[in-house]
Amino acid sequence: MKKIILCEGKFDGAFMKILLNSLNIQDDEIKLFDIEEIPKDKRMNIETTELERFISPRNNRKILVKIENGKNYAIRIYSSIMPYCAKEINNCCLMIDLENGDAKLKLEEIKDTLKYLRRANPLDISTQEKSKHDHLHHFDGIIKNERSLNVVGNFKIIFFKKSLEISCKIDKTKDSEAQKIEKIRKFISEQEIPQFLSGII
């Protein structure tokens, strides 16, 4: 089954790739798509094209990790593509930082963003917290057509309770890229993240 995972930035993508490898998912089964690597004058329609290419039965990749330009953009893009992805592959996940915020408030923000973007054909979501970790929250959700109440699909959300950087003890200003990657790798191993997320990712 194919999966789409959206996250905030470059090192969230690195976290996800290390995690997936630890779950015995090979590099040739993973597609990392970082919008920041695409020149701004070539970004129009590129995300839709990338999604359609990934979802195509001819594409052998199992997991698409979309790296967005920050939390707000990740929420907006996730809310925009969630109904389409949930319907087409029924396996769409968002991973963002809470930064000590309230998970319920962040879920309401996602819900409000979805309603705003889909106001011509309104959708509603309901969520339920499924599991907790010292560093992470996991919620499952259902998307419904607000008028007919028909289920469109399912989705998942993973929150870092604080942030990836805090959990991994990354110093944004002093650590080199290699040091950041190594700290992410150490965190995933020591905190038994594969065991926690194996049934979610």
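Cut-offs applied
- Residues numbered from 1 in each chain as written.
- Predicted model: local features only at pLDDT ≥ 70, side-chain atom pairs only at ≥ 80, totals over all residues.
- Heavy atoms only, no water.
- 1 Å grid on protein atoms, 1.4 Å probe; cavity = no way out; pocket = protein on both sides within 12 Å on 5 of 7 lines; lining within 4 Å.
- Points joined across faces, edges and corners; volume = space filled by probe spheres on them.
- Helix = DSSP H or I, 4+ residues; strand = E, 2+ residues; numbered from the N terminus.
- Expected span 1.5 Å × (residues − 1).
- Buried < 20%, exposed > 50% of the residue type's maximum accessible area, 1.4 Å probe, protein only.
- Arc of directions from axis to C-beta.
- Contact = heavy atoms within 4.5 Å.
- Polar contact = N/O pair within 3.5 Å; in protein donor to acceptor, adjacent residues only side chain to side chain.
- Phe/Tyr/Trp six-rings, centres within 6.5 Å; stacked < 30°, edge-to-face > 60°.
- Pairing = 2+ DSSP bridges.
- Axes fitted to C-alpha atoms, helices over the stretch in contact; angles between N-to-C directions.
- Core = buried A, V, L, I, M, F, W, Y, C linked by side-chain atoms within 4.5 Å.
- Salt bridge = Lys/Arg side-chain N within 4 Å of Asp/Glu carboxyl O.

Novice: Would you mind showing me how to read empty space enclosed by the protein here?
Specialist: A water-sized probe rolled over the atoms picks out the places where empty space is left. All chains considered together, the criterion is met by one cavity of 30 Å³ or more. Reported here for the largest cavity is a volume of approximately 30 Å³.

Novice: Help me understand helix α4 (residues 103–117) in this model?
Specialist: Residue pairs three or four apart in sequence face the same way in an α-helix, which turns once every 3.6 residues. Taking 1.5 Å of rise per residue, 15 residues should cover 21 Å, and α4 covers 21 Å from first to last C-alpha, within 8% of that figure. Along α4, the positions that sit buried rather than exposed are A103, K106, L107, I110, K111, T113 and L114. Buried residues of α4, viewed axially, fall in a sector of 160°; they line one side. Exposed residues on α4 whose side chains face more than 90 degrees from its buried face are K104 and L105. Of the surrounding elements, those touching the buried residues of α4 are α3 (71–88), β4 (92–97), β5 (123–132), β6 (136–145) and β7 (151–160). The distance from a side-chain oxygen at the start of α4 to the backbone nitrogen of K104 is 2.7 Å, and the residue carrying that oxygen is D102.

Novice: Is there a simple way to think about the packing of aromatic side chains in this case?
Specialist: Here a ring pair, both rings aromatic, is described through the centre-centre distance and the interplanar angle of the planes. Taken as a whole and judged by the stated rule, the model has five aromatic pairs. Seen from their ring centres, F15 and F187 are 6.5 Å apart, and the 40° between their planes marks the pair as tilted. A residue pair is termed long-range when its members are at least 10 positions apart, and F15 in helix α1 (residues 10–22) and F187 in helix α6 (residues 177–190) qualify at 172 residues. By relative accessible area, which is 0% here, F15 ends up buried. Pairing F139 with F159 gives two aromatic rings, centres 5.8 Å apart and planes at 70°, and the pair type is edge-to-face. Of this pair, F139 sits in strand β6 while F159 sits in strand β7, and the two are 20 residues apart along the sequence. Judged by its relative accessible area of 0%, F159 is buried.

Novice: Please clarify how the sheet that holds β4 should be interpreted in this entry.
Specialist: Hydrogen bonds along the backbone pair up the strands of a sheet, which may run parallel or antiparallel. Read across the sheet, seven strands follow the order β2-β3-β1-β4-β7-β6-β5 without closing on themselves; strand pairing throughout is mixed. At either margin of the open sheet sits one strand with a lone partner, and together these are β2 (30–34) and β5. Across the sheet, the mean angle from the axis of one strand to that of its neighbour is 20°, orientation sign disregarded. Across six bridges, β4 lies against β7 in parallel orientation. Residue pairing for β7: L94 is matched across the bridge by I157.

Novice: Quick question: what am I supposed to make of the layout of surface pockets here?
Specialist: What the largest pocket holds in volume is close to 220 Å³. Top contributing element to the lining of the largest pocket by residue count: α1, with three residues.

Novice: Help me out: how do you make sense of the nonpolar core in this one?
Specialist: Among soluble globular proteins, nonpolar side chains are generally buried collectively. Counting 33 residues, the largest nonpolar core has I4, Y78, L94, I157 and F159 as its most contacted members. Elements with a minimum of two residues in this core: β1 (3–7), α2 (46–55), α3, β4, α4, β5, β6 and β7. In this view, L94 contacts L6, A74, I75, Y78, I110, K156, I157 and I158; residues no more than four positions away in its chain are not counted. One finds C7, V65, I67 and I201 within the second-largest nonpolar core, a separate group that totals 30 residues.

Novice: Would you mind showing me how to read the pattern of salt bridges here?
Specialist: Two side chains bearing opposite charge may form a pair once their charged atoms approach each other closely. Summed over the entire model, instances satisfying the criterion amount to 13 salt bridges. For E182, the salt bridge is made with R185, and the minimal N-O distance between the two is 4.0 Å. Pair noted here: E182 and R185 are both in helix α6, with a separation of three residues, about one helical turn. Judged by its relative accessible area of 46%, E182 is partly exposed. By sharing partners, the salt bridges in this structure join E47, K66 and E68 into a single network.

Honestly, it's all geometry; don't read function into it.
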